[in-house]
Amino acid sequence: MPAATAPSATIELTYREAVREAIRDALKRDPRVFLMGEDVGRYGGCYAVSKGLLAEFGPERIRDTPLSESGFTGAGIGAAIAGMRPIVEVMTVNFSLLALDQILNTAATVRHMSGNQFGVPLVIRMATGAGRQLAAQHSHSLEGWYAHIPGIKVLAPATLEDARGMLWTALEDPDPVLIFEHIMLYNMSGKLAADAGPVGIDKAAVRRAGRDISLITYGGSLWKTIEAASALAAENIDAEVIDLRSLRPLDDATIMASVTKTRRAVIVDEGWRSGSLAAEICTRIVEQAFFDLDAPIGRVCSEEVPIPYPRHLEEAALPQTPKIVAAAKAALGRA
Amino acid sequence: MPAATAPSATIELTYREAVREAIRDALKRDPRVFLMGEDVGRYGGCYAVSKGLLAEFGPERIRDTPLSESGFTGAGIGAAIAGMRPIVEVMTVNFSLLALDQILNTAATVRHMSGNQFGVPLVIRMATGAGRQLAAQHSHSLEGWYAHIPGIKVLAPATLEDARGMLWTALEDPDPVLIFEHIMLYNMSGKLAADAGPVGIDKAAVRRAGRDISLITYGGSLWKTIEAASALAAENIDAEVIDLRSLRPLDDATIMASVTKTRRAVIVDEGWRSGSLAAEICTRIVEQAFFDLDAPIGRVCSEEVPIPYPRHLEEAALPQTPKIVAAAKAALGRA
Amino acid sequence: MNRTDDRPHLTRAHSLELLKQMIRISRFEDKCAELYTQEKIRGFLHLYDGEEAVAVGVIPVLEQRDRVVAAYREHGHALVRGMSMKAALAEMYGKREGCSGGRGGSMHLFDRATNFYGGNAIVGGGLPLAIGLALADRMRGEKRVTACFFGEGAAAEGEFHESMNLAALWSLPVLFVCENNLYAMGTALAISESETDIHAKAACYRLASEAVDGMDVVAVEAAARRAVHAVRETVKPYFLECRTYRFRAHSMFDAQLYRDKAEVEAWRKKGPIVRFQGWLEQNKMIHPEDVARIEAEVAAELAEAVAFAEAGTWEPVEQLTRYTYAETAN
Amino acid sequence: MNRTDDRPHLTRAHSLELLKQMIRISRFEDKCAELYTQEKIRGFLHLYDGEEAVAVGVIPVLEQRDRVVAAYREHGHALVRGMSMKAALAEMYGKREGCSGGRGGSMHLFDRATNFYGGNAIVGGGLPLAIGLALADRMRGEKRVTACFFGEGAAAEGEFHESMNLAALWSLPVLFVCENNLYAMGTALAISESETDIHAKAACYRLASEAVDGMDVVAVEAAARRAVHAVRETVKPYFLECRTYRFRAHSMFDAQLYRDKAEVEAWRKKGPIVRFQGWLEQNKMIHPEDVARIEAEVAAELAEAVAFAEAGTWEPVEQLTRYTYAETAN
Ligand SMILES: Cc1ncc(C[n+]2csc(CCOP(=O)(O)OP(=O)(O)O)c2C)c(N)n1
Ligand SMILES: Cc1ncc(C[n+]2csc(CCOP(=O)(O)OP(=O)(O)O)c2C)c(N)n1
Ligand SMILES: [Mg+2]
Ligand SMILES: [Mg+2]
C-alpha cells in the first residue's frame, strides 16, 4: 500500500467520483482546462464520470462534441499547442482507433519534428477493458499497445488515490498523456483523504510487499492480482504485488528491485497475449536481471480472441485470480 | 537459404517487380481479384509497384481511390465479404492509422462476432520502414505492432521469392492478411525462378545456418542481419539467421529449434524498442526455452523517437549491422 | 422512375402485415427489456421503440438477393429481414443457438441466410462495409441493392463522408437509410451538426436524397419503393432520411437527462404503431379482432423464442478462441 | 463586411512586394530542386511552382498574432510568413540551424516566432489542429485568425469533414484555404470527388465559402482580405478555394504519367508570376529595372541562405532522442 500520509479526514467515494473530483478540481484551478468529448455534458458521460459538471462549468468548458473522434482529438491537440489544457475524453478505447492518426502522427511527433518549438500538453482519458459483456467492439485493452508510442505517456490508475491524483499531474506535463480508466473500476468504492491531491506519475508502487514472487500488473487487473496474492498467502507463498501505474515510461527500477529480491515473476495484463505489455516487461527483466532469475517468467494475459459476448466466455478470455495463482505456483515449481 | 527447387530458368528482377508480378499473376488467375488504393493506377503507385497494371487491367481492377483510407479499406472488407478478393494498398504504414478502426474493429472481428458466418478474405499491402529520410510521419515500422491483433495475419516478405510468392497464398487465405513491404527493399534486385509461384506463409526460414547464436529478424532488417552474420563469421562466430516471414502467427517451432541449439539469441526488429515484436519473441523464448539459454537475449530495435529527417540521425535511429554485431558479441560474452 | 412500381399497395393484407411487423418488433423488445432487468440479457441493449416504421417500411421492399447492413440498434431490422425471434433472442442470451452463435449479443446480430451483415457497434463503421458490398455487386454486374441503416449521429464521422463520396463517385448501388431520431445518445442534432438537414447534407455528394416522415410506415414504404427501384435501375446510391424518434433511453444505462419527459410524451402520441393502427381502424381497414389475432400470434412466437433461448446451450469454454480465424482443412 | 477594407491596395510598392514574394518562392524552390539533385536535400520535396499566388495573396493579409497551418508543400507559406530562407534551407539540409533544428526536413517547417504550425505530411492532418488552435482563441476571446492551407485531395478525407463541421458548429475563426491544383499526386479531382466544386462542397457545412482564381495574386489577395476580415469580425470560419495548378511533378519521384505535357504548358502560360509581371509591365507599373533589382535581391538572399545551410552544423548523434519529450528541470 502507498506510503502513509499525515492523518486527515477521509471520505468514502467511488473511483468514478474520484475521477470526477479530479476533473472538477482541475477546472477550478486552471481556467485553461476544459473537458471535451462525446456526451460529456448533457448526457453526463457514457460512464457517468462527468455527471453534474455541465451545470457547474457550462457548455464551453464541458464541451459535448459530435461523433468525430479524429476531429475533436485533433482539436484538443491544437488547443493544447495554443496554450489551453484540454482533457479529451474518448468513450472507449476501441473508438480511439478513429483518432489514432492524430495521436500518433501529430500529438506524439510535433515536439520532435518541430525541434522542440511546439509541445502538446494534452490529456486524453478513455475507458478500457472488458467485464460488462460489451463484446468484440467495446471490450479491448489497448493501453499496453499505446505504450509502444514514443512521444506520449500512458497511465493506468488502479486506485482511488491515482484516479484522483494522476489527472492533475498529467495536466502539468508538457507532453500528451493518455489515461486509461478500466470500466470495472468505476463502481469500486473506498476511502480517500478529503484533501487528496496530485500524485507522482513516474513511479510504480509496491501494493503488497512479499519475498517469494513478484506479481506485476496495473489497472483493472490489480485487484485480481491482490486477491491472488491473498490466496497464495494462504498457501504460504508470499507474493509481492507491483502496480505499474505508468505504462510509458515504465519504472524499471521498481520492477528490477522486486524481481532481484524474489527471483521470480508473473506479469498480469489484460491486453492480448502476443505483443502485450507483459512481453515488454518480461523482456526488460531478461535484459536487466537475467542472472537473478530462478524460473521462467509467467504471463497472464487475455486470450487472443475478439472478446466474446457471453459471460462465461468473456470471463474465460480475461486474466482471472485462479489463473494468476496457477501461474505464480508454476513459476515456483508448485504447479 | 530456402530449400532448393527443381532447376528452371531464372530471371533478374527487383523486389518491386516481384511484387508487381505477384499482383499481375493474381489478377490474371482470378477474376475476383482487384487492386485498390491511392494512385495505384494513373500514377503507377507511390513506390511504382503497380506501374503498367492500369493499361493491362483497366480502371475497374486497378482502382484509384480518393484519399480516404478508412473508406476504401472498409470497402475492401465489404467486397471481400461479398466474395471478391481485393488487394488494398495503403501507401505507407503511417497512413494506415486512418484505417485502423476498419482493420481492428471490423476486419479482425467480423468472423468471430458473426459466429463464423462471414469472413474477410482481404489482403492489405503497405510500405513500411525508414531509410529514405522521410521523417516523423512517413518512416515508422508498425508491422510488429499490428501483429498484436487477433483475427488478422501479418507478413513481412524480405526476399524476392517471398515478395513474389506470399501474395497469392495470402489471397487464398480466408482471413485478412496484411503484407508489409519495406521501402528499402523495392530496389533490391536478384535472380528468381521464371516460374516462381506461391510460397507458404506459416513458417519462418533459416536463411543462414549457424551454431553459436540465433539472430532472429524479418523484413528490411534481414539483409543487415545477414551482413552482420558475415562479419561475425570473420570473427569465428557462426550465427544462424532466422527470417520470421510471418509476424502473426509466429513460427515458434523454428525459433525454439534454433535457440535450443545455439543457446543464445539476438532479435533485430525495426519497430520501436518498447513493446516491439522483439519483446514478444524474447518472451516466448523465455517461456518455452528458458533453461536452454546461456545468456540474456539481446534486442536491436529502433530508438524511441519519431524518426528524424537528417541522414545521420535516421541511421542512428535504426538497427544497423554494427549494432547487430555488437549485440551478438555481447550475448556471447565477447563484447 | 416508374411511378406505378413505387405506389404502396395498401391492401388489407398488406396493411395487416405492416402492422404485425411493427408489433412484432415492439413486443419482442418489450420482452428484451424485461429480460434485461432479469439479467438474462447483458451488455448494451439498444431498443428501437418508436422507430419501427423505418425497418418495416424499408426492408420488405428489398429482395432476397439484396443486402442489409445495420448498426447496434438492429433487432427490428433483423426480425423484419427474416431472422427468427428464436435466433435473435438466443443470441442475446449468449447461447450457441443464437444467430451469431452467441458470441455477438444484441449489438452483433448476423445472418448469412438473409444477407444480414450486422450489427456494427462502431458508429459509422458499417458504411464503408456497405460500400464494399455494393462495389462487389457492381463489379460483377449483379443487380443487388445494399441497404445500410445508421443513426444521424453517424453523419458527423469521417467514415460517413468517405462513404458518401465513394458511393456517389463510383456509382454504387447503396440505399443509405439514416434513422434520424434527433439524438445521438444525449446529443441533440443541433449540437452535433452545423447542417441539421441531413438529407440536404447527403445531397451535397451529388446523390439522390430525400427525407420522409419516419413515423409513417406508409410514407416510408412509398419512399423506399422509389429509392430501391432507383438504386436497382440506375445502379447509383440513394439517401433516405427517415425522421423518427426514440421513445426509450439510448441504452439501458441512460438517465435521459438531456430531454424533457414532455417531449417524449408528445412524440409517443405520434408513434408509428398507434398512428398506423388508429388510421386503419378509422378507415375500417382492420377490426379489433385483427389486432387481437396479431397480438396472440406475436405472443406465441415470443413465448416460443423465450423457451428456445432458455433451452439453448452454452458454447464450451474450450471453444473460446474459435472463429478468430477460419478453420481450415489442415 | 466593410468593402473599403477589402479592396486591394495596388500601389506600386505593394505590387512590387507581391511580385517579389512570388519570385522569392520561385527562385528558392528552383534552388531546392537543384540541391536535391546534388543530394544536399533528401526525403520528399514538394514544390509549389505555379501556386505562389495563393500563399502570397493570403498570408500577408494576416496579422502577426494570427496563425498559419500548412501541409507538406509549404516552403512558400513559410517564407511569406516571415521565415528566413536561411532557416528554411538549413532545415532541408537537416542542419541544427534549420527552422526545426534539422529534424523535420522539407515537409516539417515550423516557426514559433511567426505562429507557423507546420508542415504536416498527413493529408488532411492539419485541419483538426487548426480547429483546436482556433478553439483556444475563441475560448479566450482572442481575435486571432487561423489560416489553414491544404490541397483539394484532402477534401476526401474524413478529417476534412469532421473539421468543417466542427468549425461551423462551434463558430471557429478559421480561414480554410484549399489549394485546388486539380491533382492529388496523380489523381485528378474528378477521380476523387463526386462533387468537384470544392467551395460548394464546403458551403454544405453552412460556412461562408468562395472560389477564386488562384493564378491571379490580386484576386487572391482581394478575396483573402474579405475572408480574413469576415473571420475576424464574425468569429466564424470561411472557406476560400484557390484554383491553381502545380507546374512540376508532385514530388521528386513522379514521372507524371497522369497528365499531358501540353496541359502543363497551357497552364504555365497562365502562371501567376508571368501573368502578374506581364500585367504590371503592360500597365507601366513596373520597369525592367525593378525586376532586375528583385532578382538581384533574391539571388543575394538565396546565396546567403545556401552559404548558411552549407555552414550549418549537424546535431550530435548523442542527441538523437532529444525532443521526444520535453526536457524538464529534474
Ligand atoms: C465510433 C463510436 N463512437 C462512439 C460510440 C458510442 N455510441 C454508441 S451509440 C452512440 C450514439 C449514436 O447516435 P446515432 O448515430 O444517432 O444512433 P442512435 O443511437 O440514435 O440510433 C454513441 C455516441 C460508438 N459506438 N462508436
Ligand atoms: C493520409 C495520407 N494519405 C496519403 C498520403 C500520400 N500523399 C502525399 S501528398 C498526396 C496528394 C495530396 O494531394 P492534395 O491534397 O491535392 O495536395 P497537393 O499535393 O496537390 O498540394 C498523397 C496522396 C499522405 N501523405 N497522407
Ligand atoms: Mg440518433
Ligand atoms: Mg492537389
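Since the structure is predicted, the reported quantities are computational estimates derived from the model, not experimental observations.

Reading guide: rules and limits
The residue numbers shown here count from 1 along each chain, following its written sequence. Naming scheme: in the order in which they are written, chains are lettered from A and ligands are numbered from 1. Since the coordinates come from a predicted model, pLDDT governs what is reported: local features require at least 70, and pairs of side-chain atoms require 80 or more to be given and counted, while whole-chain, interface and lining totals use all residues. Calculated side-chain values reflect all of the structure's heavy atoms, with hydrogen atoms and water omitted. For the purposes of this section, nonpolar cores are sets of buried Ala, Val, Leu, Ile, Met, Phe, Trp, Tyr and Cys residues that join through side-chain atoms within 4.5 Å. Only protein chains enter the area calculation, which uses a 1.4 Å probe; residues under 20% of their type maximum are buried, those over 50% are exposed, and those in between are partly exposed. Note on definitions: a residue-residue contact is assigned when non-hydrogen atoms from the two residues lie within 4.5 Å. Here's the idea: put two parts together, see how much 1.4 Å probe accessible area each one loses, and the total over both is what we call buried area. A side-chain nitrogen of Lys or Arg and a carboxyl oxygen of Asp or Glu constitute a salt bridge if their distance falls within 4 Å. Any N or O atom pair separated by 3.5 Å or less is treated as a polar contact, with the protein-specific requirement of one donor-capable and one acceptor-capable atom, and with residues adjacent in sequence counted only for side-chain atom pairs. Working definition: helices are DSSP H or I runs of at least four residues, strands are E runs of at least two. Numbering for both runs from the N terminus. Nonpolar residues are Ala, Val, Leu, Ile, Met, Phe, Trp, Tyr, Cys and Pro. Charged residues are Asp, Glu, Lys and Arg, and all others, Gly as well, are polar. Copies overlap after least-squares fitting; the atoms used are the C-alpha atoms of residues with pLDDT of at least 70 in both. Note that His is not counted, nor are the chain ends; the positive residues are Lys and Arg, and the negative ones are Asp and Glu. Any pair of cysteine sulfurs within 2.5 Å is marked as a disulfide. Coordinating donors are taken to be N, O and S atoms lying within 2.8 Å of the metal, or within 3.2 Å when the metal is Na, K or Ca; because water is excluded from the atom set, some sites may appear incomplete. For every element, the axis is a line fit to its C-alpha atoms; helices are fit only across the contacting stretch, and the angle between N-to-C directions ranges from 0 to 180 degrees. Reported orientations rely on four angle classes, namely roughly parallel under 35 degrees, roughly antiparallel over 145, roughly perpendicular from 65 to 115, and oblique for the rest. Put simply, a crossing is left-handed when the front helix is turned counterclockwise from the back one by less than a right angle, and right-handed when it is turned clockwise. We call two strands paired when DSSP finds no fewer than two bridges between them. Each Phe, Tyr or Trp ring, with Trp reduced to its six-membered ring, pairs with another whose centre is within 6.5 Å; inter-plane angles below 30 degrees give stacked pairs, above 60 give edge-to-face pairs, and intermediate values give tilted ones. Charge-over-ring contacts are defined here by two conditions on Lys NZ or Arg CZ: a distance within 6 Å of the ring centre and an angle within 35 degrees of the ring normal. The source of the domain bounds is an automatic or database domain assignment.

## Describing the nonpolar core
Counting 300 residues, the largest nonpolar core has A:Tyr146, A:Ile285, B:Tyr146, B:Ile285, C:Phe176 and D:Phe176 as its most contacted members. For C:Phe176, the contacting residues outside a window of four places in its chain are C:Leu127, C:Ile131, C:Cys148, C:Phe150, C:Ser163, C:Met164, C:Ala167, C:Leu207, C:Pro237, C:Tyr238, C:Phe239 and C:Leu240.

## Examining the interface of chain B and chain A
Across the contact, 46 residues belong to chain B and 46 residues belong to chain A. For the chain B face of the interface with chain A, the top three residues by lost area are B:Trp145, B:His148 and B:Phe290, together amounting to 17%. Viewed at the interface, chain A and chain B are joined by eight salt bridges. B:Arg299 serves as the salt-bridge partner of A:Glu287, at 2.7 Å between the closest nitrogen and oxygen. At the junction of chain B and chain A, the tally comes to 26 residue pairs in polar contact (both at pLDDT 80 or more). Residue assignment for the side of chain B that touches chain A shows that the elements contributing at least two residues are helix H4 (100-107), helix H5 (110-113), strand E13 (265-272) and helix H10 (277-289) of chain B. For the side of chain B that touches chain A, the element with the highest residue contribution is H10(B), accounting for seven residues.

## Description of the interface of chain B and chain C
Reports of interface size often rely on the accessible area that becomes lost once the parts have come together. On the side of chain C, 37 residues touch chain B, which itself brings 42 residues to the contact. Where chain B meets chain C, there are zero salt bridges. Summed over the shared surface of chain B and chain C, the result is 17 residue pairs in polar contact (both at pLDDT 80 or more). Looking at the side of chain B that touches chain C, the elements that each hand over two or more residues are strand E2 (33-37), helix H2 (53-61), strand E3 (62-64), helix H3 (69-81), H4 and H5 of chain B. The residue makeup of the side of chain B that touches chain C, split by class, is 16 nonpolar, 16 polar and 10 charged.

## Focus on the relation of the copies chain B and chain A
When chain B is fitted to chain A, the best match, at an RMSD of 0.0 Å, comes from turning it 180 degrees and sliding it 0.0 Å along the axis. Such a combination of turn and shift is consistent with a two-fold rotation axis. Mapped onto chain A, 100% of the interface residues of chain B are again interface residues, and the two copies thus contact each other with one and the same surface.

## Brief notes about the side chain of C:Glu179
Residues and elements named next belong to chain C. Its location among the elements puts Glu179 in strand E3 (residues 174-180). Buried and unpaired, Glu179 has Arg73 as its nearest opposite-charge partner, separated by 6.2 Å. Excluding residues that lie within four positions of it along the chain, Glu179 makes contacts with Tyr48, Glu51, Val54, His77, Phe149, Phe150, Gly151, Glu152, Cys242 and Thr244.

## Details of the state of the cysteines
Enumeration according to the criterion identifies one disulfide over all chains in this entry. Sulfur-sulfur distance for the disulfide between C:Cys204 and D:Cys204 comes to 2.0 Å. Here the S-S torsion is close to -105 degrees, and the disulfide linking C:Cys204 with D:Cys204 is therefore left-handed. Of the two residues, C:Cys204 is situated in the loop between helix H9 (198-203) and strand E6 (208-213) and D:Cys204 in the loop between helix H9 (198-203) and strand E6 (208-213); the pairing between them involves two chains. This pair shows no difference in class: C:Cys204 is buried, exactly as D:Cys204 is. Left unpaired, C:Cys148 is separated from the closest cysteine sulfur, that of C:Cys178, by 10 Å.

## Examining the coordination of the magnesium ion (ligand 3)
Residues and elements named next belong to chain C. Donor atoms from the polypeptide that bind the magnesium ion (ligand 3) are Glu152 (OE), Asn181 (OD1) and Tyr183 (O), placed at 2.1 to 2.2 Å. The motif formed by the donor residues of the magnesium ion (ligand 3), counted along the single chain, is E-x28-N-x1-Y. Pair noted here: Glu152 is in the loop between strand E2 (146-151) and helix H7 (158-169) and Tyr183 is in strand E4 (residues 183-184), with a separation of 31 residues, a long-range link. The pair Glu152 / Tyr183 is uniform in exposure class, with both members buried.

## A short note on the packing of helix H2 (residues 12-37) of chain D against helix H13 (residues 288-311) of chain D
Angle between the axes and distance between the axes are the two parameters that describe a pair of packed helices. Residues and elements named next belong to chain D. One way to put it is that H2 packs onto H13 with a least axis distance of 9 Å and a crossing angle of 40 degrees. Classed by the angle they form, the pair H2 and H13 counts as oblique. The element H2 and its partner H13 pack so that their crossing is right-handed. Taken together, the residues of H13 that come into contact with H2 (itself represented by Arg12, Leu16, Leu19, Lys20, Ile23, Arg24, Arg27, Phe28 and Lys31) are Asp290, Val291, Arg293, Ile294, Glu295, Glu297, Val298, Glu301, Leu302 and Val306.

## A word on the pattern of salt bridges
Evaluated as defined, the whole model comprises 121 salt bridges over all chains. With a closest N to O distance of 3.3 Å, C:Glu34 and C:Lys31 form a salt bridge. Taken together, the positions of C:Glu34 and C:Lys31, both in helix H2 (residues 12-37) and three residues apart, correspond to about one turn of that helix. Among the ionic contacts, a cluster of salt bridges with common partners joins A:Asp252, A:Glu280, A:Arg284, A:Glu287, B:Arg273 and B:Arg299.

## A word on the coordination of the magnesium ion (ligand 4)
Residues and elements named next belong to chain D. Of the protein atoms, only Glu152 (OE), Asn181 (OD1) and Tyr183 (O) coordinate the magnesium ion (ligand 4), at distances of 2.1 to 2.2 Å. One chain supplies every donor for the magnesium ion (ligand 4), spaced along it as E-x28-N-x1-Y. Taken together, the residues Glu152 in the loop between strand E2 (146-151) and helix H7 (158-169) and Asn181 in the loop between strand E3 (174-180) and strand E4 (183-184) connect sequence positions 29 residues apart. Exposure remark for Glu152: the relative accessible area of 1% places this residue in the buried category.

## Some remarks on the sheet that holds strand E10 (residues 213-217) of chain B
Residues and elements named next belong to chain B. With mixed pairing, five strands are arranged side by side in an open sheet as E9-E11-E10-E13-E14. Every other strand in the sheet has two partners, leaving strand E9 (205-208) and strand E14 (298-302) as the edge strands with one partner each. Looking at each pair of strands side by side, their axes are set apart by 25 degrees on average, direction ignored. The sheet contact formed by E10 and strand E11 (residues 239-243) spans five bridges and is parallel. The residue of E11 that forms the bridge with Thr217 is Asp243.

## Regarding the packing of aromatic side chains
Using the criterion set out here, one finds 40 aromatic pairs over all chains in the structure. Judged by centre distance (6.3 Å) and plane angle (45 degrees), the ring pair of C:Tyr245 and C:Phe247 falls under tilted. Take C:Phe247: its relative accessible area is 6%, and that puts it in the buried class. The interplanar angle of 5 degrees and the centroid separation of 4.7 Å between the aromatic rings of D:Tyr245 and D:Trp267 together place this pair among those described as stacked. Pair noted here: D:Tyr245 is in the loop between strand E7 (238-243) and helix H11 (261-269) and D:Trp267 is in helix H11, with a separation of 22 residues, a long-range link. Look at D:Tyr245 and you get buried, because its relative accessible area is 0%. What links up through ring pairs into an aromatic cluster is the set A:Tyr43, C:Tyr183, C:Tyr245, C:Phe247, C:Tyr258 and C:Trp267. Geometry around C:Trp170 places B:Arg63 over its ring, the cationic atom sitting 4.7 Å from the centre.

## Some points on the sheet that holds strand E4 (residues 85-92) of chain B
Residues and elements named next belong to chain B. Strands sit in the order E3-E2-E4-E5-E7-E6-E12 across an open sheet of seven strands; the sheet is mixed. Strands at the two margins of the open sheet, each flanked by one partner only, are E3 and strand E12 (246-248). With direction set aside, neighbouring strand axes in the sheet form an average angle of 20 degrees. As paired strands, E2 and E3 are joined by three bridges and run parallel to one another. Among the inter-strand pairings, Met36 is bridged to a residue of E3, identified as Arg63. Relative to the sheet, H2 contacts E2 and E3, its axis offset from that of E3 by approximately 65 degrees.

## Details of the domain arrangement of chain A
All names here are of chain A. By the assigned domains, chain A splits into domain 1 (10-193) and domain 2 (205-331). Using only C-alpha atoms to locate each centre, domain 1 and domain 2 end up separated by 26 Å. Between domain 1 and domain 2, the contact holds 30 residues from the first and 24 residues from the second. Here domain 1 packs against domain 2, burying approximately 2200 Å² in sum over the two surfaces, 57% of which is carbon and sulfur. In terms of surface lost to domain 2, no three residues of domain 1 exceed Gln133, His140 and Ala156, which account for 24% of the buried area on that side. Counting the contacts that link domain 1 with domain 2 gives two salt bridges. If you look at where domain 1 meets domain 2, you find 19 residue pairs in polar contact (both at pLDDT 80 or more).

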